[in-house]
There are 2 protein chains.
Amino acid sequence: MATGRSHTERTRGIPEATVARLPLYLRALTGLSERSVPTVSSEELAAAAGVNSAKLRKDLSYLGSYGTRGVGYDVEYLVYQISRELGLTQDWPVVIVGLGNLGAALANYGGFASRGFRVAALMDADPKLTGKMIAGQAVRHVDELESVVRENGVSIGVIATPAGAAQEVTDRLVDAGVTSILNFAPTVLTVPEGVDVRKVDLSIELQILAFHEQRKAGDGLPPDAEPPASGPGISGAMVRRRPSSAPKSDREPGVQPA
Amino acid sequence: MATGRSHTERTRGIPEATVARLPLYLRALTGLSERSVPTVSSEELAAAAGVNSAKLRKDLSYLGSYGTRGVGYDVEYLVYQISRELGLTQDWPVVIVGLGNLGAALANYGGFASRGFRVAALMDADPKLTGKMIAGQAVRHVDELESVVRENGVSIGVIATPAGAAQEVTDRLVDAGVTSILNFAPTVLTVPEGVDVRKVDLSIELQILAFHEQRKAGDGLPPDAEPPASGPGISGAMVRRRPSSAPKSDREPGVQPA
DNA sequence: AGGCCTTTGTGAACGTGTGCACAAAGGCGA
DNA sequence: TCGCCTTTGTGCACACGTTCACAAAGGCCT
Ligand SMILES: NC(=O)c1ccc[n+]([C@@H]2O[C@H](COP(=O)([O-])OP(=O)(O)OC[C@H]3O[C@@H](n4cnc5c(N)ncnc54)[C@H](O)[C@@H]3O)[C@@H](O)[C@H]2O)c1
Ligand SMILES: NC(=O)c1ccc[n+]([C@@H]2O[C@H](COP(=O)([O-])OP(=O)(O)OC[C@H]3O[C@@H](n4cnc5c(N)ncnc54)[C@H](O)[C@@H]3O)[C@@H](O)[C@H]2O)c1
């Protein structure tokens, strides 16, 4: 779901898990930089980023040998090196497609521009939205999508349309030349090789939390678990039953009728 | 970042990676169910969920032996089993704290309620927002946080406040009894053992995309890479230089002056 | 009733990620 | 100048996740 590349092809040596943490380090470093802290040890920086220090050191070691033993890392220098590795020393024009509740919130989000991501255009299919000013920018009609992408050299698209429209929007973005997509719609996108898709899915996150929550609050699954197949079922109104014959194993050991 | 549990302690056998995919399968299955498809093969379901079929089968095998060889999986039955495993057969009251752009969008989001997550309360610190109706619900003041959590038995909190307020809100949520937090603020939260935090961070996702984008568009890092330390630098105005003496290795092999 | 053909469930091999623990580096104070 | 003490960078072992490939299961058609 992350890269879309053939998996054996490692990204010039930097592990994906490391790449995903670099922005975290960068944020922590930026904080230190603002407080004019000149150097940090791996221990301190790791604490600020919420990881353990061995992992941090290993991650940084993929970028190069940028620390000084006995001292730590130079904050400014490391900010620069990580920024460069992440491609943040250049400007990335972005289009947001779909300006409903979420799209509008995204457009208004300050942290967007703060890291080299520039909102090049806001696009929606609803003619009533066309021309509306959001975050100091007029919403344009999706018909202009291709020209906007080409003229601005947009390579990153953000999708905040309903799920039903997401694949179509994706196809158009890709045709126009976009090669990275951040998808907020709860749907699986199909893209050609070489196009990266990342998804943000609120509902999935909540479901994962619910799973762990269930574990924490009184272990054991909820009541209606597969009843032990002992003789004919007492109640025919069991919420849902196995479609046909009894299964071989049902996880809970439970006495099987041999 | 996901669980907060000691790592050796596996969650009653279901791997975390599998848990994270179950909601995906559930969504695909729900779609099939709505179209009254009675059974699916692992191949079909995997395609719908965007994973490969071996992975899907292994994932489902952790739940139990719910398929029929030669036929596939009964859609309704599997929907039920996954829902139960994820804890979606019960209702999860949720509070949203911070009703700015993002919080309001979340409150208005339909996909929230659709899976057993009920928005029990909307809370903000801004007195001007108190009483304002959002998504059919009056915003309440954060002062009421503790009582709202206790009265509604809320165990999941969603944080959509500015980063600066997130830790304080977290502490209060946790004190009041919340044990799962979904954090949208770009900051690292510290929580006691037993509390799960998941974060959604737009900015990190974009940075990861930028990284891969940079790789795709003309490989090799941006121009200003550490210049090969050959003699005295030509331009003193190099954007940023190593703080002190030259490093041992700088990743790019590059000729080192012995 | 029997055999065929599809599809599951899983053992085993492999790849990726994590964390420990320590040798070597190197600044800094004496 | 020398040695000490902190902190990096990394080899190694282990845990976790992914994928392959196939035996066994079991419906279904003849
Ligand atoms: N609101 C949230 O908090 C939230 C959270 C998670 C996921 N999502 C998902 O994000 C997406 C947007 O959510 P929302 O609440 O903003 O929905 P919304 O209905 O408020 O907005 C959707 C917007 O997309 C536009 N649109 C529809 N088809 C389009 C097309 N083909 N091209 C361009 N624009 C098009 C609509 O005109 C509308 O303005 C949905 O898929 C939703 O499931 C939303
Ligand atoms: N808008 C986005 O698309 C977006 C995207 C990613 C991340 N974020 C993050 O989500 C958070 C919210 O973003 P936003 O755009 O909605 O900001 P916002 O400023 O519009 O809203 C923040 C809200 O939080 C309230 N608040 C402040 N302190 C509070 C406290 N102690 N208790 C309760 N409420 C408090 C404020 O009154 C305000 O209503 C921020 O941390 C932001 O970085 C936003």
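Please read all numbers here as calculations on a predicted model, not as lab measurements.

### Topic: the pattern of salt bridges
Applying the stated criterion across every chain yields a total of 20 salt bridges over all chains. A salt bridge links Glu205 of chain B to Arg198 of chain A; its shortest N-O distance comes to 2.4 Å. Taken together, the residues Glu205 of chain B in helix α8 (residues 202–216) and Arg198 of chain A in strand β10 (residues 196–199) connect one chain to another. A single burial state applies to Glu205 of chain B and to Arg198 of chain A, both of which are buried. A salt bridge links Glu146 of chain B to Arg172 of chain B; its shortest N-O distance comes to 3.0 Å. Here the residue Glu146 of chain B occupies a position in helix α6 (residues 145–152), and Arg172 of chain B occupies one in helix α7 (residues 163–176), the gap between them amounting to 26 residues. Overall, the relative accessible area of 22% leaves Arg172 of chain B in the partly exposed class.

### Regarding helix α7 (residues 145–152) of chain A
Residues and elements named next belong to chain A. Those residues of α7 that sit buried are Leu145, Val148 and Val149. All buried residues of α7 lie within an arc of 95 degrees about the axis, which places them on one face of the element. Pointing more than 90 degrees away from the buried face of α7 are the exposed residues Arg150 and Glu151.

### As for the UniProt feature "DNA-binding region" (unreviewed entry) in chain A
Taking the UniProt record as the reference, the feature "DNA-binding region" (unreviewed entry) is found at residues 24–63 of chain A. Secondary structure across residues 24–63 of chain A divides into 75% helix and 5% strand, with the first and last C-alpha atoms of the span separated by 15 Å.

### Comments concerning the UniProt feature "domain: CoA-binding" (unreviewed entry) in chain A
The positions that UniProt labels "domain: CoA-binding" (unreviewed entry) are, in the present scheme, residues 87–188 of chain A. Regarding residues 87–188 of chain A, the helix share stands at 33% and the strand share at 28%, and the terminal C-alpha atoms are separated by 27 Å.

### Regarding the protein's contact with DNA strand D
Of all residues adjacent to DNA strand D, which total 27 residues, the nearest are Ser42, Arg57, Arg69 and Tyr73 of chain A together with Arg21 of chain B. Take the atoms of DNA strand D that sit within 4 Å of the protein: sugar and phosphate atoms are 66% of them. Between DNA strand D and Lys58 of chain A, the relevant distance is 3.2 Å, taken from a base nitrogen to a side-chain nitrogen or oxygen of the residue. Between a base nitrogen of DNA strand D and a side-chain N or O atom of Arg69 of chain B, the distance comes to 3.0 Å. Those elements giving two or more residues to the surface near DNA strand D turn out to be α3 (53–63), β2 (67–68) and β3 (72–74) of chain A together with α1 (16–34) and α3 (53–63) of chain B. In terms of residues, the surface near DNA strand D owes the most to one element, α3 of chain B, which gives four residues. Each residue belonging to the surface near DNA strand D can be placed in one class, and the counts come to seven nonpolar, 11 polar and nine charged.

### Section: the protein's contact with DNA strand C
Not every one of the 27 residues close to DNA strand C is listed here, only the nearest: Lys58 of chain A together with Ser42, Arg57, Arg69 and Tyr73 of chain B. Protein-adjacent atoms of DNA strand C, using a 4 Å cutoff, are sugar or phosphate at a proportion of 64%. Between DNA strand C and Arg69 of chain A there is a distance of 3.0 Å, counted from a base nitrogen to a side-chain nitrogen or oxygen. Contact between DNA strand C and Arg57 of chain B: a base nitrogen at 2.8 Å from a side-chain N or O atom of the residue. Where the surface near DNA strand C is concerned, the elements lending two or more residues are α1 (16–34) and α3 of chain A together with α3, β2 (67–68) and β3 (72–74) of chain B. Examining the composition of the surface near DNA strand C, we find that four residues originate from one element, α3 of chain A, more than from any other. Tallied by class, the residues present in the surface near DNA strand C amount to seven nonpolar, 11 polar and nine charged.

The rules we used
- Residues numbered from 1 in each chain as written.
- Chains lettered and ligands numbered in written order.
- Predicted model: local features only at pLDDT ≥ 70, side-chain atom pairs only at ≥ 80, totals over all residues.
- Heavy atoms only, no water.
- Salt bridge = Lys/Arg side-chain N within 4 Å of Asp/Glu carboxyl O.
- Helix = DSSP H or I, 4+ residues; strand = E, 2+ residues; numbered from the N terminus.
- Buried < 20%, exposed > 50% of the residue type's maximum accessible area, 1.4 Å probe, protein only.
- Arc of directions from axis to C-beta.
- UniProt positions renumbered as here; feature names shortened; annotations may be inferred.
- Near = heavy atom within 4 Å.
- Polar contact = N/O pair within 3.5 Å; in protein donor to acceptor, adjacent residues only side chain to side chain.
- Nonpolar A, V, L, I, M, F, W, Y, C, P; charged D, E, K, R; others polar.

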